[in-house]
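# Analysis of the macromolecular model
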Amino acid sequence: MTEPTVENWRRADEFLSDTLVGHDPALDAALAAQRAAGLPDIEVAPVSGKLLNLIARISGARRVLEIGTLGGYSTIWLARAVGEGGTVTTIEAESGNAAIARASIDAAGIGDRVAIRIGRAADVLPTLEGSEPFDLVFIDADKESNTIYLDWAARLGRSGAVVILDNIGREGEIVREDTTDPRVIGTRDALRMLGEDSRFDATALQTVGIKGWDGIAIAVLT
Ligand code: DHB
Ligand code: MG
């Protein structure tokens, strides 16, 4: 029998990617640009990028907020989902990353839908208060601040908005009581918040694939 090894998860994920997601010049170019610039290899996997796109379309999201742009790979998936007249506001702490993302998003032909806000998300998010509420919030930034970002997602999203939190599995580390890794602690606190805070109705799924063992949480704002 085939063993559930990391190598086999990777190969199965590649099959799913090749079969269901395929290749796309703009997304391939965005990844090539961020690799060439030495950005970390931590963008969402292709199957997850497409999942974000599908969830945005299924929920009819027209106004999307992304926390953590990196090189714009997930931003392109989301910007394609909102359609003509839709918008993605994406927040990036590193101006160098934002410049790479800007170029890739513009080259993908959906630049007019995407506003990149440069700065620490904890500083940028309060400036979005008072704008039209968001339909979908994707949180994929520094994990230490996950509960702060969830709080802002609840404040800035409309009732019924979708909130997606990346990297909730972290190779199973979330159940290690003795962990001192602030990213694990921030993620575990966020999961507890999703369970306890009545503004959210949530679940989470573990994933295995080209990015190893991880997962996403999905919530609707009550
Ligand atoms: C890390 C962050 C991510 O957003 C990701 O998808 C994978 C890893 C990290 O900080 O380790
Ligand atoms: Mg991530």
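Heads up: the structure comes first, above all this text.
The notes below deal with the structure included here. Model, not experiment: these values are computed from the prediction. (Residues numbered from 1 in each chain as written. Chains lettered and ligands numbered in written order. Predicted model: local features only at pLDDT ≥ 70, side-chain atom pairs only at ≥ 80, totals over all residues. Heavy atoms only, no water.)

### Describing the site of ligand 1
Basically, it comes down to this: Working definition: residue near molecule or strand if any one of its non-hydrogen atoms lies within 4 Å of it. Pairs of N or O atoms are called polar contacts if they sit within 3.5 Å, as long as, within protein, a hydrogen donor faces a hydrogen acceptor (for residues adjacent in sequence, only side-chain-to-side-chain pairs). Reported accessibility uses the Shrake-Rupley method at a 1.4 Å probe radius. Residues are deemed covered only where the shown protein chains occlude them. In this classification, the charged set is Asp, Glu, Lys and Arg, the nonpolar set is Ala, Val, Leu, Ile, Met, Phe, Trp, Tyr, Cys and Pro, and all remaining amino acids, among them Gly, are polar.
The immediate surroundings of ligand 1 are formed by I42, D140, K143, D166, N167, R170, R183 and K211. In the model, an oxygen atom of ligand 1 is placed 3.2 Å from a nitrogen or oxygen of the R183 side chain. In isolation ligand 1 exposes 290 Å². Once the protein is present, 79% of that is buried. Along the lines of polarity and charge, the residues of the shell around ligand 1 split into 1 nonpolar, 1 polar and 6 charged.

### What about the environment of R57?
Heads up, the rule is: Numbering goes from the N terminus for both helices and strands, where a helix is a DSSP run of H or I of at least four residues and a strand is a run of E of at least two. Burial status follows relative accessibility: with a 1.4 Å probe on protein chains alone, a residue under 20% of its type maximum counts as buried, one over 50% as exposed, and anything between as partly exposed.
Inspection of the secondary structure assignment puts R57 in helix 3 (residues 46–58). Since its relative accessible area comes to 48%, R57 is described here as partly exposed. For the pair R57 and G83, spaced 26 residues apart in sequence, the C-alpha to C-alpha distance is 8.9 Å.

### Focus on helix 5 (residues 95–107)
As a reminder of what qualifies: Expected span of a helix: the number of residues minus one, times 1.5 Å. Here, the arc refers to the directions that run from the helix axis to the C-beta atoms. We call two residues contacting when some pair of their heavy atoms lies within 4.5 Å.
Along its 13 residues, helix 5 runs 18 Å from first to last C-alpha, staying within 8% of the 18 Å computed at 1.5 Å per residue. Within the span of helix 5, buried status applies to N97, A98, I100, A101, S104 and I105. End-on view of helix 5: buried residues confined to an arc of 165°, all on one side of the axis. In the core, the buried residues of helix 5 are packed alongside helix 2 (25–36), helix 4 (73–82), strand 2 (87–92) and strand 3 (114–118). Directly after helix 5, the chain includes G109, whose backbone phi takes a positive value near 85°.

### A short note on the packing of aromatic side chains
Defined as follows: Pairing of aromatic side chains here covers Phe, Tyr and the six-membered ring of Trp, requires ring centres within 6.5 Å, and sorts the geometry by plane angle: under 30 degrees stacked, over 60 edge-to-face, intermediate tilted. Placement of a positive charge over a ring is assigned whenever Lys NZ or Arg CZ falls within 6 Å of the ring centre and within 35 degrees of the normal to the ring plane.
This model, assessed by the stated rule, comprises 0 aromatic pairs. Between the NZ or CZ atom of R63 and the centre of the ring of F134, over which it lies, the distance is 4.6 Å. In this structure, R155 packs its charged tip against the face of W152, placed 4.3 Å from the ring centre.

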